[in-house]
Amino acid sequence: MTLDELYTTILARKDADPSSSWTAQLLAKGPEKCAEKFGEESVEAIIEAVKDDKAGLTSEAADVLYHLLVMLAARDVPLSDVMDTLAARQATSGIAEKAGRSRT
Ligand SMILES: N=c1c2ncn([C@@H]3O[C@H](COP(=O)(O)OP(=O)(O)OP(=O)(O)O)[C@@H](O)[C@H]3O)c2ncn1[C@@H]1O[C@H](COP(=O)(O)O)[C@@H](O)[C@H]1O
């Protein structure tokens, strides 16, 4: 499964009956609650990283990615916009790398 596919599923839950789905229930609670959940999951991932619990970090990272997508969906921010932002940064970083190489 890709993040795109998961995001598409999450978007579809915006119109779903909250009793039918955890995601629909969370979205129905509003963007602030979605942001709060993202914050909680992020802290849990940080704790696993600090402990160097790789299995725990893997599981919490999955929760972080899922809740990030829910938060984006709640605020109508397309995942493609985030990916475009990363791509633009990569392009800039490429230019910086080339500039660095030409200096040496
Ligand atoms: N990837 C996930 C996913 N990751 C985490 N979670 C849920 O996120 C919740 C986080 O739980 P917490 O540990 O915070 O426990 P909690 O029950 O919320 O606890 P409290 O906040 O109430 O204290 C759990 O209920 C998890 O099931 C997810 N729920 C759904 N998905 C995917 O989202 C898509 C839509 O799923 P539905 O929600 O079933 O429509 C599907 O592709 C699912 O696989």
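Keep in mind it's a predicted model, so treat the numbers as computed, not measured. (Residues numbered from 1 in each chain as written. Predicted model: local features only at pLDDT ≥ 70, side-chain atom pairs only at ≥ 80, totals over all residues.)

(A) View of the site of the ligand. Near the ligand the following residues occur: Leu 6, Thr 9, Arg 13, Ser 21, Trp 22, Thr 23, Asp 63 and Tyr 66. Broken down by secondary-structure element, the contributors of at least two residues to the shell around the ligand are helix 1 (3-12), helix 2 (22-28) and helix 4 (54-74). A class-by-class count of the residues in the shell around the ligand yields three nonpolar, three polar and two charged. (Near = placed C-beta within 6 Å. Helix = DSSP H or I, 4+ residues; strand = E, 2+ residues; numbered from the N terminus. Nonpolar A, V, L, I, M, F, W, Y, C, P; charged D, E, K, R; others polar.)

(B) Highlighting the nonpolar core. If you look at the biggest cluster of nonpolar residues, it comprises 13 residues, and the most contacted ones within it are Leu 27, Cys 34, Leu 69, Val 70, Met 71, Ala 73 and Ala 74. For this core, the secondary structure elements donating two or more residues are helix 1, helix 2, helix 3 (31-51) and helix 4. The contacts of Leu 27, once residues within four sequence positions are left out, are Arg 13, Lys 14, Cys 34, Val 70, Ala 73 and Ala 74. (Core = buried A, V, L, I, M, F, W, Y, C linked by C-beta atoms within 7 Å. Buried ≥ 20, exposed ≤ 12 C-beta atoms within 10 Å, placed from the backbone. Contact = placed C-beta atoms within 7 Å.)

(C) Fine view of the packing of helix 1 against helix 4. With their axes 10 Å apart at the nearest point, helix 1 and helix 4 run at an angle of 50° to one another. Between helix 1 and helix 4, the crossing angle belongs to the class labelled oblique. Crossing angle aside, the handedness with which helix 1 passes helix 4 is right-handed. For the pair helix 1 and helix 4, the contacting residues are Leu 3, Leu 6, Tyr 7, Ile 10 and Leu 11 in the first and Leu 65, Tyr 66, Leu 69, Val 70 and Ala 73 in the second. Residue composition of the contact of helix 1 with helix 4, by class: 10 nonpolar, no polar and no charged. (Axes fitted to C-alpha atoms, helices over the stretch in contact; angles between N-to-C directions. Parallel < 35°, antiparallel > 145°, perpendicular 65-115°, else oblique. Left-handed = near helix turned anticlockwise from the far one by under 90°.)

(D) Representation of the confidence of the model for the protein in the model. The share of residues in the protein with pLDDT of 70 or more is 90%, and the mean pLDDT across the chain is 93. Per the prediction output, this complex has pTM 0.90; the corresponding ipTM is 0.89. (pLDDT = per-residue confidence, 0-100.)

(E) Representation of the environment of Glu 60 within the structure. With respect to the secondary-structure elements, Glu 60 resides in helix 4. Taking the C-alpha atoms as reference points, Glu 60 and Glu 41, 19 residues apart in sequence, are found 6.7 Å from one another. Ignoring anything within four residues of it in the chain, the contact list for Glu 60 reads Glu 41, Glu 44, Ala 45 and Glu 48.

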